[in-house]
Amino acid sequence: MDILNAIVALLNFVVIPATSYGAQLALGALGVTLIYSILRFSNFAHGDTMAFGTGMVILFTWWFQSMGISFGPLPTALLALPFGIALTAGLVLATDKGVYQFYRKQKAAPVILVIVSMGVMFVMNGVTRFIIGVDEIRFADGERFLINAGDFKKSTGLAEGLAFRSTQALTIVTAVVVVALLFWFLNKTRTGKSMRAYSDNEDLALLSGINPERVVKVTWIIAAGLATIAGTLYGLDKSFKAFNYFQLLLPIFASAIVGGLGSPLGAIAGGFLIAYSEVGFTYAWKKVANYVLPESLAPDGLAQLLSTDYKFAVSFAILIVVLLFKPTGLFKGKSV
């Protein structure tokens, strides 16, 4: 029974949260790696794009709720998601036309575009805070749990109760569907193949008759969709606060770089690697250790390597190690 309790505790506090968080990071990292591989710069405004998109979803969610519209056991935010994606896509397309297009025509160095994206980041962050405010917002509704800890204890007789929140399940399922659709689009559709050709060799793609402006627009729309979906799932699972998405930029970039910047598969693998590392290093292992170890070997303290306040330090440390020893990442993306 102790082994079973240890497994349940591990699922409760490590496996399920890390898998859900990893799916959110993977979607965010996919947007970063898509922009890097096609537009050839690191978009530092991606975290605040996530914040803006989520803020728009929250506004539409409140509007639907005020009219008595809900989505049954699922969060109403899912109904608002397409509207949030549309507004975010409009914003990033307008930003590209008003800002990035000028530097593309000038054939500016990637580092210039990175600096420009930092300026866009600050403006977008200010716009988001002005529209939605600075307070913490919880907007998840519908059924809260798929598996309730109390019911699980009663049905199994175990001391540990398994809790599986509906937002965690929704995050994992949505991430699988979105990733499958993205890979199908990139590999099977004409536009997706054009984007891949443009990423591999811009000059050859132009000679083949590929319209670069169309590729750029589709890239921004997909990146806006990924950012809004990732941000909304993160907000449903935890809560929304505009500044949190600015902080989330570090683990998202770490995920993209660790997996291999420019590699979609690498972005997914990197997202889960960073998530499991952050959760594993900051989890207090005392409860699991007490179940599996003899009483004489049970830890006196929390058996916690790092406080949760330092979870972003974990992704930063992994990022530094990868940049020093394997700058192309796990899946041999483009060197940073």
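Fair warning: this is a prediction, and the values are worked out from it, not measured in the lab.

Below, the discussion takes up the environment of K332. Within the secondary structure, K332 is located in the segment after α14 (311-325). The sequence separation of K332 and G192 amounts to 140 residues, and the corresponding C-alpha distance is 21 Å.

Right, let's get into the packing of aromatic side chains. Throughout the structure, instances matching the rule amount to 15 aromatic pairs. By the ring-pair criterion, three or more aromatic residues cluster together here, those being F60, W63, F64 and F83. Above the face of the Y21 ring, K311 is positioned so that its terminal group lies 5.4 Å from the ring centre.

For the pair helix α1 (residues 2-39) and helix α6 (residues 166-188), the least separation of the axes is 9 Å and the interaxial angle reads 35°. The handedness of the crossing between α1 and α6 comes out as left-handed. Residues I16, P17, T19, S20, A23, Q24, L27 and L30 of α1 form the contact with α6, whose own contacting residues are Q168, T171, I172, A175, V178, V179 and L182. Of the residues assigned to the contact of α1 with α6, the class counts are ten nonpolar, five polar and no charged.

So, on to a nonpolar patch on the surface. A contiguous nonpolar patch, built from I3, L4, I7, L11, V292, L293 and L297 and spanning about 600 Å² of accessible area, is present on the exposed surface. Among the elements that take part in the nonpolar patch, α1 stands out by supplying four residues, more than any other. In this fold, V292 is placed in helix α13 (residues 286-292). Take V292: its relative accessible area is 44%, and that puts it in the partly exposed class.

A separate point is the environment of A140. Relative to the helices and strands, A140 is located in the loop between α4 (110-132) and β1 (145-147). Note on A140: relative accessible area 43%, which makes it partly exposed.

This part takes up the nonpolar core. Residues L27, L30, M195, W220, F240 and L248 are the most contacted members of the largest nonpolar core, which totals 81 residues. Counting residues per element, this core draws most heavily on helix α9 (residues 212-237), which supplies 14 residues. Every residue in contact with M195, bar those within four places of it in the chain, is listed here: L34, I38, F185, L186, V215, V218, T219 and I222. Among the nonpolar cores identified, the runner-up in size contains eight residues, and V14, A18, V279 and Y291 belong to it.

Quick look at unusual backbone geometry now. We note that R40 has phi near 65°; this positive angle belongs to a residue other than glycine. Position of R40 among the secondary structure elements: in the loop between α1 and α2 (46-66). When its relative accessible area of 27% is taken as the criterion, R40 is described as partly exposed.

This next bit is on the pattern of salt bridges. Throughout the structure, instances matching the rule amount to seven salt bridges. By sharing partners, the salt bridges in this structure join D96, R104 and E213 into a single network.

So, how was this worked out
Residues numbered from 1 in each chain as written. Predicted model: local features only at pLDDT ≥ 70, side-chain atom pairs only at ≥ 80, totals over all residues. Heavy atoms only, no water. Helix = DSSP H or I, 4+ residues; strand = E, 2+ residues; numbered from the N terminus. Phe/Tyr/Trp six-rings, centres within 6.5 Å; stacked < 30°, edge-to-face > 60°. Lys NZ or Arg CZ within 6 Å of the ring centre and 35° of its normal. Axes fitted to C-alpha atoms, helices over the stretch in contact; angles between N-to-C directions. Left-handed = near helix turned anticlockwise from the far one by under 90°. Contact = heavy atoms within 4.5 Å. Nonpolar A, V, L, I, M, F, W, Y, C, P; charged D, E, K, R; others polar. Patch = residues over 30% accessible without salt bridge, like charges linked within 9 Å, V, L, I, M, F, W, Y side chains within 5 Å. Areas by Shrake-Rupley, 256 points an atom, 1.4 Å probe, with all protein chains shown as cover. Salt bridge = Lys/Arg side-chain N within 4 Å of Asp/Glu carboxyl O. Buried < 20%, exposed > 50% of the residue type's maximum accessible area, 1.4 Å probe, protein only. Core = buried A, V, L, I, M, F, W, Y, C linked by side-chain atoms within 4.5 Å.

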